Amino acid sequence: GAVVSQHPSRVICKSGTSVKIECRSLDFQATTMFWYRQFPKQSLMLMATSNEGSKATYEQGVEKDKFLINHASLTLSTLTVTSAHPEDSSFYICSASRGVEQFFGPGTRLTVL
Amino acid sequence: AQSVSQHNHHVILSEAASLELGCNYSYGGTVNLFWYVQYPGQHLQLLLKYFSGDPLVKGIKGFEAEFIKSKFSFNLRKPSVQWSDTAEYFCAVNRPAGTASKLTFGTGTRLQVTL
């Protein structure tokens, strides 16, 4: 158990467009999900904590208006990168919390042209 | 704020060599400790975890880690690595403050095992 999926796995978009990434916990309910960003050959940097039914909590330096998070159900959180620019190109990873453990999705590679 | 240091950025070993990857954290309170592995093109997988009890924990695929509280360390070990262990390894820490506690990751160690 404890499988987390992400969709899409990779996306290429033009600068100025918005991209939505979905994170689903497939076999358990998660009141809390996390969104990370991973640059090449670097570690995961926490962007925000997504709480079901309430507003997300953003880490310092992460623009909440640029990275919109919605956690509408106990199995789905979405991250929308609004007005994407080339510097937003990265690997975005979500995790879903079950107890004190987190289970990670396979990630979404975003390339903004 | 808590932080995690992994001193080895890139390690190259021959098959059957022994492995030890360092992990140190900076938080004086009680912590949960994790090691994750990320194989090429795959998602993060949990190797092992420490919450409390025996400081020597065994994980999957023959890995183990020892929590040394006095040294704020949680080093990962494997007595004999295999080519299939080639991957990125991340140490992570969170506080046992209820559920859904944020994880802080180390910078990762890239392990390359040669035949």
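Note: the structure precedes this text.
Since this is a predicted model, take the numbers as computed values, not measurements.

The rules we used
Residues numbered from 1 in each chain as written. Chains lettered and ligands numbered in written order. Predicted model: local features only at pLDDT ≥ 70, side-chain atom pairs only at ≥ 80, totals over all residues. Heavy atoms only, no water. Pairing = 2+ DSSP bridges. Helix = DSSP H or I, 4+ residues; strand = E, 2+ residues; numbered from the N terminus. Axes fitted to C-alpha atoms, helices over the stretch in contact; angles between N-to-C directions. Buried < 20%, exposed > 50% of the residue type's maximum accessible area, 1.4 Å probe, protein only. Polar contact = N/O pair within 3.5 Å; in protein donor to acceptor, adjacent residues only side chain to side chain. Salt bridge = Lys/Arg side-chain N within 4 Å of Asp/Glu carboxyl O. Contact = heavy atoms within 4.5 Å. Buried area = accessible area lost by both parts, 1.4 Å probe. Disulfide = S-S within 2.5 Å.

(A) Inspection of the sheet that holds strand β3 (residues 19-25) of chain A at higher detail. Residues and elements named next belong to chain A. If you trace the 4 strands from one edge of the open sheet to the other, you get β1-β3-β8-β7, paired in antiparallel fashion. The strands lining the two open edges of the sheet, one partner per strand, are β1 (4-7) and β7 (67-73). Strand after strand, the sheet turns through a mean of 15° between neighbouring axes, direction not considered. Strand direction decides the pairing type here: β3 and strand β8 (residues 76-81), joined by 6 bridges, are antiparallel.

(B) Expanded view of the side chain of T109 of chain B. Residues and elements named next belong to chain B. Within the secondary structure, T109 sits in strand β12 (residues 109-114). The class for T109 is buried, based on a relative accessible area of 0%. A polar contact of 3.3 Å, which involves the side chain of T109, links it to the side chain of Q6. In terms of polar contacts, T109 uses its side chain to reach the backbone carbonyl oxygen of N8, at 2.4 Å.

(C) Up close: the pattern of salt bridges. Counted under the stated rule, the structure contains 9 salt bridges over all chains. A salt bridge links E59 of chain A to K102 of chain B; the nearest nitrogen and oxygen atoms lie 3.0 Å apart. With one member in each of two chains, E59 of chain A in the loop between β6 (57-58) and β7 and K102 of chain B in the loop between β10 (87-94) and β11 (104-105) form a pair that bridges those chains. Judged by relative accessible area, E59 of chain A falls into the partly exposed class, the value being 21%. Residue K49 of chain B pairs with E101 of chain A through a salt bridge whose shortest N-O separation is 2.3 Å. Residue K49 of chain B is located in strand β6 (residues 45-50), and its partner E101 of chain A is located in strand β10 (residues 101-104); the two belong to separate chains. The class of K49 of chain B is partly exposed, set by a relative accessible area of 33%.

(D) Expanded view of the interface of chain A and chain B. Taken residue by residue, the interface counts 21 residues in chain A and 21 residues in chain B. Carbon and sulfur atoms supply 57% of the area buried between chain A and chain B, which totals about 1600 Å² over both sides. Inspection of the chain A/chain B interface yields 2 salt bridges. Residue assignment for the side of chain A that touches chain B shows that the elements contributing at least two residues are β4 (32-38), β5 (44-51), β9 (90-98) and β10 of chain A.

(E) The arrangement of the state of the cysteines in detail. Applying the stated criterion across every chain, the model contains 2 disulfides over all chains. Note on cysteine connectivity: C23 of chain A is disulfide-linked to C94 of chain A, with sulfurs 2.0 Å apart. One disulfide, between C23 of chain A and C94 of chain A, carries an S-S torsion of 80° and so falls in the right-handed class. Placement of the pair is C23 of chain A in strand β3 and C94 of chain A in strand β9, with a sequence separation of 71 residues. For C23 of chain B, the disulfide goes to C91 of chain B, at an S-S distance of 1.9 Å. Between C23 of chain B and C91 of chain B the sulfur-sulfur dihedral comes to about -65°; the bridge is accordingly left-handed. Of the two residues, C23 of chain B is situated in the loop between β3 (19-21) and β4 (24-25) and C91 of chain B in strand β10; the sequence distance between them amounts to 68 residues. As far as the burial class goes, C23 of chain B and C91 of chain B line up, both buried.

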